[in-house]
Amino acid sequence: MPDQQETKLTADALPRNASGADAATGKDIVLQQVSKQYPGQPVPAVDNISMSIRAGELVVFVGPSGCGKTTTMKMINRLIEPTSGRITVGGVDVLKLDADEHRRQIGYVIQQIGLFPHLRVAENIGLVPKVLGWDRNRINGRVAELLDLVGLTADYARRYPKELSGGQQQRVGVARALAADPPVLLMDEPFGATDPITRERLQNEFLRLQQELRKTIVFVTHDFDEALKLGDRIAVLRTQSKIAQFDTPEAILAAPADDYVAGFIGSGAHLKQLAMMPLADARLRTDDSSAARPATVAADGSMQDALDTMLGNGGGPVQVVRDDDSGEAATVLGVLDPADIVGALRHPAGRSDR
């Protein structure tokens, strides 16, 4: 059963600086030729991956089970030590830091949530600040702030994890990861254990929260739909964490790098929903007649028809046209491009999730 009384995550309690900009910001992450070779294994689990993640960016690692995406993420906070290569967070080489101190500066959320069952919610959230030496009043204030931030009332502070629904436990997990205000969050399939309705709700509310927090987030999933919905950029990974494509959702939809990447696009359940989205309901942009003439798609078709036309014509925009059977030239109603397809998936008609 989905949670019946969950409220929305809210950014109302976030601190802001004097200029009105978000007080909490992320740090850039750079991986340079990073590998992980386990003893006795013939090939590395992660082989020579290099990538740069911008401060405040939400990057999703997507790939099949066993491809190395979680191993790659865990090397960022050194839960797994790399065999070779260099990792920096905010320009600092993390391999030169004390591992425990480094981990306390990075939020971590996992699918199993990992709340301590013998500790109340407030104690779970305040665990890292306590280790960092915060005084009791400061911890209590932060716990109250975070409960409000993730949409739980103050009375949840005294509950035990077993008294919470799956979605509520996941909210507490997010609050705990944010407790010490880390610049970086690592999230390993955090919503995967929740039912579909709760998962979609958590995804939507997490996106809204990230718009305010602007943390640097590395998010691991095997679900391309989830990657498409959440990611500022998506890293599609092959085995050994070899990067097949690393780009924006719009760019990957418009021009998948190869058949492997195209296979992820074709497997998405949300993308299949495009066939049920009529172009008559689409939000079309005004046609720029000065631009090169794009391909056309009939207005009585679907968003899936528009995407297929884009992919068949180099990933460029398409004109949506109506033929009135009068023999005259078709009427151009507007234009769609890959960004509009992504927007339709993130904001289906009749919803206001994001």
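Up top you'll find the structure we're talking about.
Because the structure is predicted, anything quoted here is derived from the model rather than measured.

Chemist: Even after reading the chapter, I still don't get unusual backbone geometry, so can you show me in this structure?
Modeler: As a rule of thumb, non-glycine residues mostly have phi less than zero, and peptide bonds are mostly trans rather than cis. Look at arginine 78: it is not a glycine, yet its phi comes out positive at around 65°. Position of arginine 78 relative to the elements: it lies in the loop between helix H1 (69–76) and strand S4 (84–89). Given a relative accessible area of 10%, arginine 78 falls into the buried group. For glutamine 240, which is not glycine, the phi torsion reads 65° and is therefore positive. Topologically, glutamine 240 is positioned in the loop between strand S9 (233–237) and strand S10 (243–247).

Chemist: Can you help me understand the environment of arginine 86 in this one?
Modeler: When you line up the elements, arginine 86 lands in strand S4. Residue arginine 86 is classed as partly exposed on the basis of its relative accessible area of 36%. With residues up to four places along the chain from it excluded, the contact list for arginine 86 reads Val30, Leu31, Gln32, Val34 and Asp93. There is a polar contact of 3.5 Å between the side chain of arginine 86 and the side chain of aspartate 93.

Chemist: Where do I start with helix H7 (residues 196–213) in this structure?
Modeler: Between its first and last C-alpha atoms H7 spans 25 Å; for 18 residues at 1.5 Å apiece the expected length is 26 Å, and the two agree. Among all positions of H7, only Thr198, Leu202, Gln203, Asn204, Glu205, Phe206, Leu207, Leu209, Gln210 and Leu213 are buried. Tucked into the core, H7 has its buried residues touching strand S3 (58–62), helix H5 (136–149), helix H6 (166–178), strand S7 (184–188), strand S8 (216–221) and helix H8 (224–230). Where H7 ends, the next residue or the one after it, arginine 214, has phi of about 50°, a positive value.

Rules used throughout
- Residue positions are given per chain, counting from 1 as you read along its sequence in written order.
- Where totals are concerned, whole chains, interfaces and linings use all residues; where local detail is concerned, this predicted model gives features only for residues with pLDDT of at least 70, and gives and counts side-chain atom pairs only at 80 or more.
- Think of the side-chain values as coming from all heavy atoms in the structure, minus any hydrogens and water.
- Helix and strand labels come from DSSP, where a helix needs a run of H or I of at least four residues and a strand needs a run of E of at least two; each type is numbered from the N terminus.
- Classification of residues uses two cut-offs on accessible area relative to the type maximum, computed with a 1.4 Å probe and protein chains only: under 20% is buried, over 50% is exposed, and between them is partly exposed.
- Residue contacts are counted whenever heavy atoms from the two residues lie within 4.5 Å of one another.
- Under this definition, polar contacts are N or O atom pairs within 3.5 Å; protein pairs additionally need one hydrogen-donor-capable and one acceptor-capable atom, and for neighbouring residues in sequence, both atoms have to be side-chain atoms.
- Here, expected helix span is obtained from the residue count minus one, scaled by 1.5 Å.

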